[in-house]
Amino acid sequence: MSDTPGTPRGGSRGTSPGTSRRPRRPAKPYRRPQKDLVRILAFEALRAVDERDAYANLVLPPLLRKAREKGDFDGRDAALATELVYGTLRRQGTYDAVLSACVDRPLREVDPPVLDVLSLGAHQLLGTRIPSHAAVSATVELARVVLGDGRAKFVNAVLRKVAQDDLDGWIAKVAPPYDDDPEDHLAVVHSHPRWVVSALWDSLGGGREDIERLLAADNDRPEVTLVARPGRATTEELLAEEAAVAGRWSPYAVRLTEGGEPGAVTAVREGRAGVQDEGSQLVALALAGAPVEGPDRLWLDGCAGPGGKAALLGALAAQRGAALVASEKQPHRAGLVARALAGNPGPYQVVTADGTRPPWRPGTFDRVLVDVPCTGLGALRRRPEARWRRRPEDLDGFAPLQRGLLRMALESVRVGGVVGYATCSPHLAETRAVVSDVLKQVPGAELIDARPLLPGVPDLGDGPDVQLWPHLHGTDAMYLALIRRTG
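Nothing here was measured: the structure is a model prediction, and the numbers come from that model.

The rules behind each value
- Residues numbered from 1 in each chain as written.
- Predicted model: local features only at pLDDT ≥ 70, side-chain atom pairs only at ≥ 80, totals over all residues.
- Heavy atoms only, no water.
- Helix = DSSP H or I, 4+ residues; strand = E, 2+ residues; numbered from the N terminus.
- Buried < 20%, exposed > 50% of the residue type's maximum accessible area, 1.4 Å probe, protein only.
- Contact = heavy atoms within 4.5 Å.
- Areas by Shrake-Rupley, 256 points an atom, 1.4 Å probe, with all protein chains shown as cover.
- Phe/Tyr/Trp six-rings, centres within 6.5 Å; stacked < 30°, edge-to-face > 60°.
- Polar contact = N/O pair within 3.5 Å; in protein donor to acceptor, adjacent residues only side chain to side chain.
- Core = buried A, V, L, I, M, F, W, Y, C linked by side-chain atoms within 4.5 Å.
- Axes fitted to C-alpha atoms, helices over the stretch in contact; angles between N-to-C directions.
- Parallel < 35°, antiparallel > 145°, perpendicular 65-115°, else oblique.
- Left-handed = near helix turned anticlockwise from the far one by under 90°.
- Nonpolar A, V, L, I, M, F, W, Y, C, P; charged D, E, K, R; others polar.
- Pairing = 2+ DSSP bridges.
- Arc of directions from axis to C-beta.
- Disulfide = S-S within 2.5 Å.

Some remarks on the overall build of the protein chain
Then comes step 1: Of the regular secondary structure elements, the protein chain holds 20 helices and twelve strands.
Then comes step 2: By principal-axis analysis of the C-alpha atoms, the protein chain measures approximately 115 × 50 × 40 Å.
Then comes step 3: When burial is assessed residue by residue, the protein chain has 52% of its 487 residues classed as buried.
Then comes step 4: A fraction of 72% describes how many contacts in the protein chain between residues 6 or more apart in sequence connect residues 24 or more apart.
Then comes step 5: Accessible area of the protein chain: about 23,000 Å², with a carbon and sulfur share of 50%.

Encoded structure:
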């Protein structure tokens, strides 16, 4: 329908006698979008995570390093880019629920690059102290640069809807009531897939307060934790770093409370110290501290890549005159293990081998650690994107390998020796179920109580195995079972 009967849309309406035509306003000159290097870098990191299944903790550091070398970034820029990337990934599930309420079609029909820009904008609006007008304006400018002016208009319209309420207000609108569906409510509020909420709750036990504390801890930014490798560095040396404090539980741990660049620490750069979560340190220390019957000369790390636990075990073994064999199936990961062990004060050997079909004879080792491949649900603080990639069916894929590695570890240790079975997942299907199944199949093996080997660490449960938790211990959710070979 035209504006005036008989006049086509956009046609002249004519003028009345004695009146003059109103002059047209000149068109606004085109304004080039402003390039915000911080947000462009954050967008590039999110695209790498989405397109290449990369992990942000591997993608982001080289991007930041390159920006610093070019003189584009200072420390505040790097901190903002890091917050934008990790904050967006951690709260992706919550933001998707909000965006779904603001977009007139299913999110799966929104182009992934557009959705990444929208998620970045949602995080600035709902998860930071950036003023709403600045968050919308900056994100629309980003959209103009990376998506074009047309799609930037769509981004602007959606984010203006998001800006109409704060995070609590949106959660009240998009999350189902807890009493109607507890797991779905927690999934939206704490940004975890429903199946992950259910699995963590089964393993943790307890009521609503316990699971909410755990899920909230998964969304906290983890501190950088260093390990002073015994005989090569000291905690006193690391504590001289800015904002460094002693670890909570491991005598070799030092926490950098304000983050920072670990590669700038001299001891880390020289390989005398490393970056290692305190939970991983405790697993290695517990295995090293477990009593064995008879000699204690040869240790095995049966799943050694990328080398953090191997480096700590190698240093501990050297203090007792023992040697370490570090085995890794993947050649490139075996190379990382060799790099981590370079300069170890005692004898060691790195071998590329399949831990389920090893080249060594049965009963060769006095101590064996197998930190098996798993879903990684215990490290969601550090790899928040993993929660969206994993599926329940992944458990079936890991199960045969986990059982095979534990069986071979028990064959590889001599009578009187000890095996440590570890995972960075608290899922019962990857922890107690594996240990229980294998012990039924392998005669002459018994669980020993691991709790006394983590002195000072509280809330370790009924034993004999140990499950660490982010909200209770400030560590990744590492699991450890210690098994002695008796016959």
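Moving on from the coordinates now.
What about the packing of aromatic side chains?
Then comes step 1: Under the definition given, this model contains two aromatic pairs.
Then comes step 2: Summarising the aromatic geometry, the rings of Trp 360 and Phe 365 are spaced 5.5 Å apart at their centres and angled 85 degrees between planes, so their arrangement reads as edge-to-face.
Then comes step 3: The class of Phe 365 is buried, set by a relative accessible area of 2%.
Then comes step 4: Aromatic side chains Tyr 421 and Tyr 479 sit 6.4 Å apart centroid to centroid with 70 degrees between the ring planes, which places their arrangement in the edge-to-face category. With Tyr 421 in strand β9 (residues 413-423) and Tyr 479 in strand β12 (residues 479-485), this residue pair connects regions lying 58 residues apart in the sequence.

Here we look at the side chain of Arg 414
Then comes step 1: For Arg 414, the position within the fold is in strand β9.
Then comes step 2: Only 2.5 Å separates the side chain of Arg 414 from the side chain of Asp 366, close enough to count as a polar contact.
Then comes step 3: Setting aside chain neighbours within four positions, we find Arg 414 in contact with Val 292, Glu 293, Gly 294, Pro 295, Gly 363, Phe 365, Asp 366 and Arg 485.

A word on the environment of Leu 410
Then comes step 1: Relative to the helices and strands, Leu 410 is located in helix α18 (residues 394-412).
Then comes step 2: Owing to a relative accessible area of 0%, Leu 410 belongs among the buried residues under this scheme.
Then comes step 3: A C-alpha to C-alpha distance of 7.8 Å links Leu 410 and Ala 445, two positions 35 residues apart in sequence.
Then comes step 4: Sequence-distant contacts of Leu 410, defined by excluding residues within four places in its chain, comprise Val 419, Val 438, Val 442, Ala 445, Ile 483 and Arg 485.

Examining the nonpolar core
Then comes step 1: Of all hydrophobic cores here, the largest spans 54 residues; its most connected members are Phe 73, Val 85, Leu 126, Val 155 and Val 162.
Then comes step 2: Considering every element that reaches this core, the biggest residue donor is helix α1 (residues 37-52), with nine residues.
Then comes step 3: Contacts of Val 162, omitting those with residues within four sequence positions, involve Val 98, Leu 99, Cys 102, Leu 125, Leu 126 and Trp 170.
Then comes step 4: Within the second largest apolar cluster, 39 residues are counted, among which are Val 227, Ala 286, Leu 312 and Leu 316.

Points about the packing of helix α10 (residues 194-204) against helix α11 (residues 208-218)
Then comes step 1: Contact pair α10 / α11: the axes reach a minimum separation of 10 Å and the direction vectors enclose 120 degrees. The angle between α10 and α11 places the two elements in the oblique class. Helix-helix and strand crossings are classified by hand; for α10 and α11 the assignment is right-handed. Within the contact between the two elements, α10 uses Val 197, Leu 200, Trp 201 and Leu 204 and α11 uses Arg 208, Asp 210, Ile 211, Leu 214, Leu 215 and Asp 218.
Then comes step 2: Looking at side-chain class alone, the contact of α10 with α11 contains seven nonpolar, no polar and three charged residues.

Digging into the sheet that holds strand β4 (residues 273-275)
Then comes step 1: Read from one edge to the other, the open sheet built from four strands follows the order β2-β3-β1-β4, with strand pairing classed as antiparallel. At either margin of the open sheet sits one strand with a lone partner, and together these are β2 (244-246) and β4. Strand-to-strand twist in this sheet, taken as the mean axis angle between neighbours without regard to direction, amounts to 30 degrees.
Then comes step 2: Pairing of strand β1 (residues 224-228) with β4, which is carried by three bridges, proceeds in the antiparallel orientation. Looking at the pairing, Ala 228 lines up with Ala 273 of β4.

Side note on the pairing of β12
Then comes step 1: Burial analysis of β12 places seven of its seven residues in the buried class, the great majority of the element.
Then comes step 2: By the alternation rule, side chains of β12 split into Tyr 479, Ala 481, Ile 483 and Arg 485 and Leu 480, Leu 482 and Arg 484, which are all buried.
Then comes step 3: Across six bridges, the pairing between β9 and β12 is antiparallel. Bridging across to β12, Gly 420 finds its partner in Leu 482.

Observations regarding the side chain of Asn 219
Then comes step 1: With respect to the helices, strands and loops of the structure, Asn 219 is situated in the loop between α11 and β1.
Then comes step 2: A polar side-chain atom of Asn 219 sits 2.9 Å from a polar atom in the side chain of Arg 387.

Description of helix α16 (residues 331-341)
Then comes step 1: Of all the residues in α16, the buried ones are Ala 334, Val 337, Ala 340 and Leu 341. An end-on view of α16 places all buried positions within 115 degrees of arc, on one side of the element. Turned more than 90 degrees off the buried face of α16, the exposed positions are Pro 331, His 332 and Arg 339.
Then comes step 2: The elements touched by buried residues of α16 are α15 (308-319), β6 (323-328) and β7 (348-352).
Then comes step 3: Looking at the residues trailing α16, positive phi occurs at Gly 343, about 90 degrees.

Considering the state of the cysteines
Then comes step 1: All chains considered together, the criterion is met by zero disulfides.
Then comes step 2: Here Cys 374 is not cross-linked by a disulfide; its sulfur's nearest cysteine counterpart is in Cys 424, at 5.8 Å.

Without other data, these values stay purely geometric and don't point to any function.
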